[in-house]
Amino acid sequence: MISDDLLDIARRLAEGTPTHTDLRRAISNIYYATFHAICQSNADALVGDDPDDRDQSAWRQAYRALEHGYARQRCQQIERGGRFTVEVQILADYFPAIQHLRHQADYDPDRIFVQQETLNAINEAAARIDVFRSASPRERRAFAVYILMRERQD
């Protein structure tokens with residue numbers, strides 16, 4: 001899975017004696033790991049998780065449909081204890097925060113990241129992704145629809 005590979009790369013970048021740039025890249029990878037975990041879940045939930053029993057073009061389209069800004073907005077709109085279980089809520093709560101951290105890592109030259117903060121962020125992302133993946137297929141499908149499709153107001 002792309003998300004797992006990105007977290008592995010982040011961990012390698014942050015371990016040992018990392019440079020400030022290594023830590024920045026690790027933070028960015030954490031965000032993209034989270035993003036890709038949602039993308040894969042969406043495609044699997046809507047099109048199917050068996051590569052031999054799905055239309056690959058439709059799966060790729062569903063995978064690529066997630067928009068960064070819209071996803072952040074939708075995650076911020078989820079009410080606690082409302083529509084989604086804790087398995088989904090735990091990643092939805094995290095998404096805007098890790099996106100903000102990635103923006104700092106990628107665009108704020110004055111932001112200093114320290115090694116332990118980065119390692120903690122890697123561990124937190126991995127744990128939240130694992131919990132999210134434990135959500136029922138029905139729950140992940142509902143979240144995919146929620147985060148991908150715009151609601152009509154009429």
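Keep in mind that this is a model prediction, so the values were computed, not measured.

(A) A look at the packing of aromatic side chains. Counted under the stated rule, the structure contains eight aromatic pairs. Between Phe-84 and Tyr-146, the aromatic rings sit 5.4 Å apart at their centres with planes inclined by 70°, giving edge-to-face as the arrangement. Of the two residues, Phe-84 sits in the loop between α4 (68-77) and α5 (86-107) while Tyr-146 sits in helix α7 (residues 137-148), which places them 62 residues apart along the sequence. Comparing Phe-84 with Tyr-146, the two get one shared label, buried. Within the aromatic cluster, the residues linked to one another by ring pairs are Tyr-31, Tyr-32, Phe-35 and Phe-95. The aromatic ring of Trp-59 is capped on one face by Arg-54, whose charged end is 4.1 Å from the ring centroid.

(B) Main features of the pattern of salt bridges. Following the criterion strictly, the structure yields seven salt bridges and no others. A salt bridge links Arg-54 to Asp-44; the shortest N-O distance between them is 3.6 Å. One end of the pair, Arg-54, is in the loop between α2 (20-47) and α3 (56-64); the other, Asp-44, is in helix α2, with 10 residues separating them in the sequence. Overall, Asp-44 belongs to the buried group, its relative accessible area being 18%. One salt bridge in this structure joins Asp-106 and Arg-102, with 2.8 Å as the shortest N-O distance. One end of the pair, Asp-106, and the other, Arg-102, are both in helix α5, four residues apart, so they sit about a helical turn from each other. We classify Asp-106 as partly exposed; its relative accessible area is 30%.

(C) Up close: the packing of helix α1 (residues 2-14) against helix α6 (residues 115-133). Put simply, α1 and α6 touch, their axes get as near as 10 Å, and they point 165° apart. Judged on the interaxial angle alone, α6 and α1 are roughly antiparallel. Crossing angle aside, the handedness with which α1 passes α6 is left-handed. Together, Ser-3, Asp-4, Leu-7, Ala-10, Arg-11 and Ala-14 of α1 and Gln-115, Thr-118, Leu-119, Ile-122, Asn-123, Ala-125, Ala-126, Ile-129 and Arg-133 of α6 make up the contact between the two elements.

(D) Just the nonpolar core, in detail. The biggest cluster of nonpolar side chains holds 43 residues, and the ones touching the most others in it are Ile-30, Leu-66, Phe-143 and Ile-147. Elements that contribute at least two residues to this core include exactly α1, α2, α3, α4, α5, α6 and α7. The element contributing the most residues to this core is α2, with 11 residues. Excluding residues within four positions of it along the chain, Phe-143 makes contact with Ile-38, Cys-75, Ile-78, Phe-84, Val-88, Ala-92 and Phe-132.

Rules and cut-offs
Residues numbered from 1 in each chain as written. Predicted model: local features only at pLDDT ≥ 70, side-chain atom pairs only at ≥ 80, totals over all residues. Heavy atoms only, no water. Phe/Tyr/Trp six-rings, centres within 6.5 Å; stacked < 30°, edge-to-face > 60°. Helix = DSSP H or I, 4+ residues; strand = E, 2+ residues; numbered from the N terminus. Buried < 20%, exposed > 50% of the residue type's maximum accessible area, 1.4 Å probe, protein only. Lys NZ or Arg CZ within 6 Å of the ring centre and 35° of its normal. Salt bridge = Lys/Arg side-chain N within 4 Å of Asp/Glu carboxyl O. Axes fitted to C-alpha atoms, helices over the stretch in contact; angles between N-to-C directions. Parallel < 35°, antiparallel > 145°, perpendicular 65-115°, else oblique. Left-handed = near helix turned anticlockwise from the far one by under 90°. Contact = heavy atoms within 4.5 Å. Core = buried A, V, L, I, M, F, W, Y, C linked by side-chain atoms within 4.5 Å.

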